[in-house]
Amino acid sequence: MCVGASITMGADINGGYRLPLEKMLQGAGIPVEFVGRLDSNSNGMTFPFHDGYSGFRVEQVEQGVEGTSRPIAEGVRDLQPDAVLILCGTNDIRQNYALEQAPQRLDHLIATIQNAAPLVRILVSSLPPDLHWDEAVRRYNAGTAQVVARRAAAGQRVGFVDNYAALSSGVDMLPDLTHPNKSGYIKIARGWFNALAPNAPQVAFAFTNESSRQFTSSSCLGYKITMKSTEQITDLGIYCAGHNLPFCHAVGVFDANGDLLTQIKITPECSPSGLFAFQPLPASLELKASNSYYFISNSIGLPTLIEADTIVDPLRFENPRFYFDHNIAIEMAEQDGTILKFPDPKIHDINGALGYFGPNFRFAP
């Protein structure tokens, strides 16, 4: 259950942090169902529900506003979520509303949620940067961390997620300097993911499924990426539309010189995780920072593919826009999907940040 104001709703960005978080969890094979009493601004989400009320201060989120919302305790009591994610307080600061008491109001909100669902796990985020109110944001975040630390020390299931530290005001915020842009929301989603499932594999990119444009695959798929950080790959995967594949498909990784570094066969027995089927590698593969790699897969026999935005971790990729081509020279042998060829270097960018999805991969936690 995601609780807060416009950042939780996803101001100006469809799905806000909720859309990439849902896809990250699905891609990691973690069952997830978002609950709440609103479903606004959630195109492409499997579970669009949330409790993000634009313009609300902390006590308004808790108590509700007549004609607009009911008290949060009612929703929590009715829905009994396993976890509640709280990102709230921006409007207290923007309205300069009794800021010295703002962390105490947040503390009361936490207690109200705990009373309504005694077994719930609560994660509380720091506010993202706000150049208009940076000093006030910093003080509020410090007070929030103290509130959470005190409750955690008492044995309560409460944790702090420092999303302020993960975001850059010059890169990850909209022109209003208050709300995150797409990369900012993805970073917040990654912060929530790491707190919710710290030992889970982390999917390289997720599939938003926001678009309705489709095409039938007839040859192959691939893309080139450049790493921003050194990472260990544990699994390779391929798009399967959430269903078991009818045939085997090879997925491989080439370096920039055309040498095949590793490959795996994705079999029909591989259970889908979200919209992809993954297979563990015999040994993890290191992708080095600043190096470029090609991810290639057979695509004949794949389900109909959908053109959509990628959810890409901007902390890991030097060029977060992927480059795709659905006519790379890759062969198949008797639908066994074992032969891979290094692609023609003329891989091109299709429709600017939109692409045709085939191979995927997972990182070590």
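Right above here is the structure, for reference.
Since this is a predicted model, take the numbers as computed values, not measurements.

**Remarks on the nonpolar core**
Of all hydrophobic cores here, the largest spans 60 residues; its most connected members are Tyr17, Leu21, Ile86, Ile113, Ile122 and Trp192. Apart from the residues lying within four places of it in its own chain, the contact partners of Ile113 are Ile72, Val76, Val84, Ile86, Val120 and Ile122. The next biggest cluster of nonpolar side chains, apart from the first, holds 28 residues, and it includes Val203, Cys270, Phe278 and Phe317.

**Let's talk about the side chain of Glu62**
Note that Glu62 resides in helix 3 (residues 58–63). Buried charge without a salt bridge: Glu62, with Arg105 as the nearest opposite-charge side chain at an N-O distance of 8.2 Å. With residues near it in sequence (within four places) discarded, Glu62 still touches Pro71, Ile72, Arg105, His108, Leu109 and Thr112.

**A few points about the pattern of salt bridges**
In this structure the tally under the stated criterion is 10 salt bridges. In this structure, Arg105 and Asp92 form a salt bridge, with 2.8 Å as the shortest nitrogen-oxygen distance. Here Arg105, found in helix 6 (residues 102–116), pairs with Asp92, found in helix 5 (residues 90–94); they are 13 residues apart in sequence, far enough to count as distant. The class for Arg105 is buried, based on a relative accessible area of 14%. Taking the relative accessible area as the measure of exposure, Asp92 reaches 0% and is therefore buried. Measuring nitrogen to oxygen at the nearest pair gives 3.0 Å for the salt bridge that ties Arg139 to Glu135. Of this pair, Arg139 and Glu135 both sit in helix 7 (residues 134–153), 4 residues apart, which is roughly one turn of that helix. When its relative accessible area of 45% is taken as the criterion, Arg139 is described as partly exposed.

**Some points on helix 2 (residues 18–27)**
In terms of burial, helix 2 is largely enclosed, as 10 of its 10 residues are buried. Of the positions making up helix 2, those classed as buried are Arg18, Leu19, Pro20, Leu21, Glu22, Lys23, Met24, Leu25, Gln26 and Gly27. Of the residues one or two after helix 2, Gly29 is the one with positive phi, at around 80°.

**Side note on the packing of helix 4 (residues 72–79) against helix 6**
Contact geometry of helix 4 with helix 6 gives a least axis separation of 8 Å together with a crossing angle of 30°. Considering how the two elements wind past one another, helix 4 and helix 6 form a crossing that is right-handed. Together, Ile72, Ala73, Val76 and Arg77 of helix 4 and Leu109, Thr112, Ile113 and Ala116 of helix 6 make up the contact between the two elements. Residue composition of the contact of helix 4 with helix 6, grouped by class: 6 nonpolar, 1 polar and 1 charged.

**Re the pairing of strand 3 (residues 83–87)**
Most of strand 3 is tucked away: 5 of the 5 residues are buried. With burial as the criterion, each face of strand 3 is covered, one bearing Ala83, Leu85 and Leu87 and the other bearing Val84 and Ile86. Of the strand pairs in this sheet, strand 1 (residues 2–4) and strand 3 are connected by 3 bridges, and their pairing is parallel. Bridged to Val3 within strand 3 is Ile86. Taken together, the 4 bridges between strand 3 and strand 4 (residues 121–125) define a ladder with parallel strand orientation. Paired with Ala83 across the bridge in strand 4 is Arg121.

**Remarks on unusual backbone geometry**
Look at Gln80: it is not a glycine, yet its phi comes out positive at around 45°. By the element assignment, Gln80 lies in the loop between helix 4 and strand 3.

**Some remarks on the packing of aromatic side chains**
Here the structure, examined in full by the defined rule, presents 6 aromatic pairs. Both rings, one in Tyr53 and one in Phe56, keep their centres 5.1 Å apart while their planes meet at 15°; by these two values the pair is stacked. Judged by its relative accessible area of 8%, Phe56 is buried. Measuring from ring centre to ring centre gives 6.0 Å for Tyr239 and Phe276, while their planes differ by 75°; the resulting arrangement is edge-to-face. Separated by 37 residues along the polypeptide, Tyr239 in strand 10 (residues 231–239) and Phe276 in strand 14 (residues 276–287) bring together distant segments of the chain. For Tyr239, a relative accessible area of 3% translates into the label buried. Grouped by ring-pair contacts, the aromatic residues Tyr239, Phe276 and Phe278 constitute a single cluster.

So, how was this worked out
- Residues numbered from 1 in each chain as written.
- Predicted model: local features only at pLDDT ≥ 70, side-chain atom pairs only at ≥ 80, totals over all residues.
- Heavy atoms only, no water.
- Core = buried A, V, L, I, M, F, W, Y, C linked by side-chain atoms within 4.5 Å.
- Buried < 20%, exposed > 50% of the residue type's maximum accessible area, 1.4 Å probe, protein only.
- Contact = heavy atoms within 4.5 Å.
- Helix = DSSP H or I, 4+ residues; strand = E, 2+ residues; numbered from the N terminus.
- Lys, Arg positive; Asp, Glu negative; His and termini not counted.
- Salt bridge = Lys/Arg side-chain N within 4 Å of Asp/Glu carboxyl O.
- Axes fitted to C-alpha atoms, helices over the stretch in contact; angles between N-to-C directions.
- Left-handed = near helix turned anticlockwise from the far one by under 90°.
- Nonpolar A, V, L, I, M, F, W, Y, C, P; charged D, E, K, R; others polar.
- Pairing = 2+ DSSP bridges.
- Phe/Tyr/Trp six-rings, centres within 6.5 Å; stacked < 30°, edge-to-face > 60°.

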